[in-house]
Amino acid sequence: MISRDFNSSNFVQQLKEDYRFIRGWIKNPAAVGAVKPTSEVTARHMAGLLPIETGLPVLELGPGTGVITKQILNRGLPSEKLVSVEYSPAFYNHLVEQFPGVNFVNGDAFNLAETLKHVEFDTYAGVIGAVPLLNVSMPRRISMIDQCLEMIMPNGPFIQISYGPKPPVEAVPGKFTVEKSGRIYRNFPPAGIWIYRRDVQ
Ligand SMILES: C[S@@+](CC[C@H](N)C(=O)[O-])C[C@H]1O[C@@H](n2cnc3c(N)ncnc32)[C@H](O)[C@@H]1O
């Protein structure tokens, strides 16, 4: 028997999203870094940490099939104020169709100076990162956080999802701080959300 809460179109949508994601993972497992998209509850939690009320644009890194993108837009951010960088051409083409008006860039989130050279914004309210940092070297991880904090307003957050029990990068005194924003158990695998901010001593 199908329960009264069961919504078949949501279920089919979820299956399609999972299928698209798994195909991306088969093509490039290290870059995709997870076997399933982030759960809706986790994506909503991450988007909820953004200071949207500042009116500044938001930068997203590694949108994949767009689960976090959708929650950022649900916060009320106008689509033209969202810049989102995706490396995979297949995900990028899907996102452009799915979210009209968002500034998607098909490029490398580890080289933001080059990737964002045609984007008009220079100061962001915050950054949401879903690129799998644990699959790259520590200097590359630190460099990404540094590059992002350079572009974020004072005290604005760089919000990163990561699957280990520890932050992907520990705090670097004088450079940035890190705090945990809850482990989200309704996510497979369980994810930690880490918030980095510039360390102003
Ligand atoms: C773990 S998936 C997250 C996807 C989605 N945001 C989610 O939460 O379900 C990582 C995403 O980062 C993208 N990615 C990996 N390396 C990247 C890079 N250097 N620049 C931009 N995107 C990258 C992958 O193609 C993939 O879409």
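See the structure above.
Residues numbered from 1 in each chain as written. Predicted model: local features only at pLDDT ≥ 70, side-chain atom pairs only at ≥ 80, totals over all residues.

K.L.:
What should I look at first to understand the site of the ligand in this one?
P.N.:
Around the ligand, a shell composed of 23 residues is seen, among which Pro37, Thr38, Gly62, Gly64 and Ala109 lie nearest. Counting residues per element, the ones that place at least two in the shell around the ligand are α2 (29-32), α4 (67-74) and β2 (82-86). For the shell around the ligand, a count of residues per class yields 16 nonpolar, five polar and two charged. (Near = placed C-beta within 6 Å. Helix = DSSP H or I, 4+ residues; strand = E, 2+ residues; numbered from the N terminus. Nonpolar A, V, L, I, M, F, W, Y, C, P; charged D, E, K, R; others polar.)

K.L.:
What's the story with the pairing of strand β4 (residues 126-129) in this structure? I'm lost.
P.N.:
The side chains of a regular strand alternate between the sheet's two faces. Side-chain alternation along β4 places Gly126 and Ile128 on one buried face and Val127 and Gly129 on a second face that is also buried. Relative to β4, strand β1 (residues 58-61) runs parallel, the two being bridged by four bridges. Pairing of Val58 across the sheet is with Gly126, part of β4. Looking at chain direction, β4 and strand β5 (residues 158-162) are connected through three bridges and run parallel. From the neighbouring strand, Gly129 faces β5, where its bridge partner is Gln160. Considered for its hand, the β-α-β crossover made up of β4, helix α7 (residues 138-151) and β5 is right-handed. (Buried ≥ 20, exposed ≤ 12 C-beta atoms within 10 Å, placed from the backbone. Pairing = 2+ DSSP bridges. Right-handed = clockwise from strand over helix to strand, strands pointing away.)

K.L.:
It is not clear to me how the nonpolar core should be interpreted in this structure. Could you clarify?
P.N.:
Here is a general trend for soluble globular proteins: nonpolar side chains tend to be buried in one another's company. Core analysis: the biggest nonpolar cluster contains 41 residues, and Met46, Ile68, Val127 and Ile128 have the highest contact counts within it. In this structure Ile68 touches Thr38, Ala43, Met46, Ala47, Glu60, Pro63, Ile128 and Ala130, once residues within four positions along its chain are discounted. (Core = buried A, V, L, I, M, F, W, Y, C linked by C-beta atoms within 7 Å. Contact = placed C-beta atoms within 7 Å.)

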